Amino acid sequence: MSEPERTAVTAPAVELLAIDDDPTSLELIQDALQRKDLRIITATAPEAGLAIVLERRPQIVLLDLVMPGMDGIRLLEKILQAAPMTEVILITGHYSAESAVEAIRKGASDYLTKPLSLERLRARIDALIEEHRRRQRALQLDEEMLKAFSFEGMVGRSPLMVEVFARIRRAAPHFKTALVTGATGTGKELVARALHNQSPVANGRFAVCNSSAIVETLFESELFGHVKGAFTGATQDKIGLFEYATGGSVFLDEIGDLPLATQTKLLRVLETREFQRVGSPATRRTDVRVIAATNRDLREMVEKREFREDLFYRLSMVEIRLPRLAERREDLPLLERHFIERNAAEYGKTIRGMTPRVQILLARYPWPGNVRELDNVLAHACMMCESGMIDLADLPEHMTAPAPAMATRMEDEGLLPMAEVHRRHALRVLAAVNGNKAEAARILGIHRATLYRLVGELDSEDAAAARA
């Protein structure tokens, strides 16, 4: 048996629903489309057909455009709202260009006229079945890739993330201090936990200190503890994180927010492995691994004397930088699959994936909040989804904002097409030379004709800017 034949026999049957108030048309469709891998269901009323869609979610629907009770366009909208991945083909005995355009615009896959060309109908159904099979295989591959490219709760196959995973594996058995850097939402705590879990102290405690959430006067007590009566409100002894996590790891998140006075004491602990509780002269020893994280540029802070240079070099003995999501867009499909599976399980839902238009939207979005924002968007979508496939209506409102608003946002974040970047630079040079195109072309190193093509016909505003 050939591979295509084996696939056709073993794969689950595709369901096709035909809705037409004419029983003769339904019989014709059943006779014409008989094949082993296709299960055909029929309905003679729009309401009955919609009920079948809601219950069974068929992959293909053949829908008569003109029926009593509900016209085909209205039923098309209801079907795609309930099952956005269903392929709907409209059939009519009264063709018009207007109705065909409206049907396609509303989401129909095709528009056929009666009397039906059985050859064309079979070809169209065969193509849709094959497309469904490809999507199923793609989902299976996504699941396999997700398992292959997961590491300690992180997902990625991009070269940047593969290097991050490799650095964690190499550093984890040996490090005493490590620094994790990256923008907000890139997953710094996941890296810290991975370093701990891959280290020899994986069975020890993993203590977390969020430096940005602690009042400055309480930093020392939080890290090193205090004794009763050390300060107002100290009604009993308290152990600090370094004592609590002895034999494990301490994660100092947002280390850039640590006050300079506390930085000095932290440096001493890292150098001597000794500390004192606030209000106590007794020296205590600690054996912990320290992982610091920040979204700030510590080197710049060192230059501004906002962060101790010696502490920076002590912490950055091992430094792991996490890329922004915009730098690893090839990981988007895996991350999407990962978050959909996790959030769907949390909300007790069965969600197979996303519609193509959602995939396109997410691929174009700039993701200023990085992986955390992607997780939040898909958590919202999974919560709202009722059809088993995430569609545009399930996304947060800001994701489906009108194009001008999205364009403004992308422009504000510096995310512009390269042609527009070149055009704007040319305009700036023109402005600097008071609109002298020959001089601007010389500075830019291009022919004058190229400059004309680059900037196009300047509108009044551009021309005024060039003369200003």
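About the cut-offs
- Residues numbered from 1 in each chain as written.
- Predicted model: local features only at pLDDT ≥ 70, side-chain atom pairs only at ≥ 80, totals over all residues.
- Heavy atoms only, no water.
- Pairing = 2+ DSSP bridges.
- Helix = DSSP H or I, 4+ residues; strand = E, 2+ residues; numbered from the N terminus.
- Axes fitted to C-alpha atoms, helices over the stretch in contact; angles between N-to-C directions.
- Left-handed = near helix turned anticlockwise from the far one by under 90°.
- Contact = heavy atoms within 4.5 Å.
- Core = buried A, V, L, I, M, F, W, Y, C linked by side-chain atoms within 4.5 Å.
- Buried < 20%, exposed > 50% of the residue type's maximum accessible area, 1.4 Å probe, protein only.
- Phe/Tyr/Trp six-rings, centres within 6.5 Å; stacked < 30°, edge-to-face > 60°.
- Lys NZ or Arg CZ within 6 Å of the ring centre and 35° of its normal.

## What about the sheet that holds strand β1 (residues 14-19)?
Strand pairing in a sheet takes place through backbone hydrogen bonds and is either antiparallel or parallel in direction. Pairing within the open sheet is parallel, and its five strands lie in the order β2-β1-β3-β4-β5. Pairing within the sheet leaves two strands with one partner each, and these edge strands are β2 (38-43) and β5 (110-113). Averaged over all pairs of adjacent strands, the angle between their axes in this sheet comes to 20 degrees, without regard to strand direction. Sheet analysis places β1 next to β2, joined by six bridges and oriented parallel.

## A look at the packing of helix α7 (residues 159-171) against helix α8 (residues 188-197)
Two numbers describe how α7 lies on α8: the axes approach to 9 Å, and their chain directions differ by 35 degrees. Two packed elements cross with a definite hand, and for α7 against α8 that hand is right-handed. Residue-level inspection shows V164, I168 and A171 of α7 in contact with α8, the latter providing V191, A194 and L195.

## Concerning the nonpolar core
With 29 residues, the main nonpolar core has F242, L252, I255, L266, F307 and L315 as its most contacted residues. Secondary structure elements with two or more residues in this core: β9 (206-210), α9 (219-224), α10 (241-244), β12 (249-253), α11 (260-272), β15 (289-294), α12 (298-303) and α13 (309-315). Of all the elements, α11 adds the most residues to this core, at four residues. Apart from residues no more than four positions distant in its own chain, I255 is found in contact with L179, S211, L266, A292, A293, T294, L298, F307 and L315.

## As for the packing of aromatic side chains
Counted by the stated rule, this structure contains six aromatic pairs. With a centroid separation of 5.6 Å and 40 degrees between ring planes, the pair formed by F224 and F242 is classed as tilted. Separated by 18 residues along the polypeptide, F224 in helix α9 and F242 in helix α10 bring together distant segments of the chain. With a relative accessible area of 1%, F242 lands in the buried category. Ring-pair connections join several aromatic residues into one group, and the members of that group are F224, F242 and F275. Above the face of the F151 ring, R169 is positioned so that its terminal group lies 4.3 Å from the ring centre. Directly above the ring of F175 sits R289, whose terminal nitrogen or CZ lies 5.4 Å from the centroid.

## Notes on unusual backbone geometry
Of note, the amide linkage connecting K114 to P115 takes the cis form, showing an omega dihedral of -5 degrees. On the secondary structure map, P115 appears in the loop between β5 and α6 (118-148). Phi at N370 is positive, roughly 60 degrees, even though this residue is not glycine. The topology assignment puts N370 in helix α16 (residues 370-384). A residue is classified by how much of its surface remains accessible, and N370, at 1% relative accessible area, is buried.

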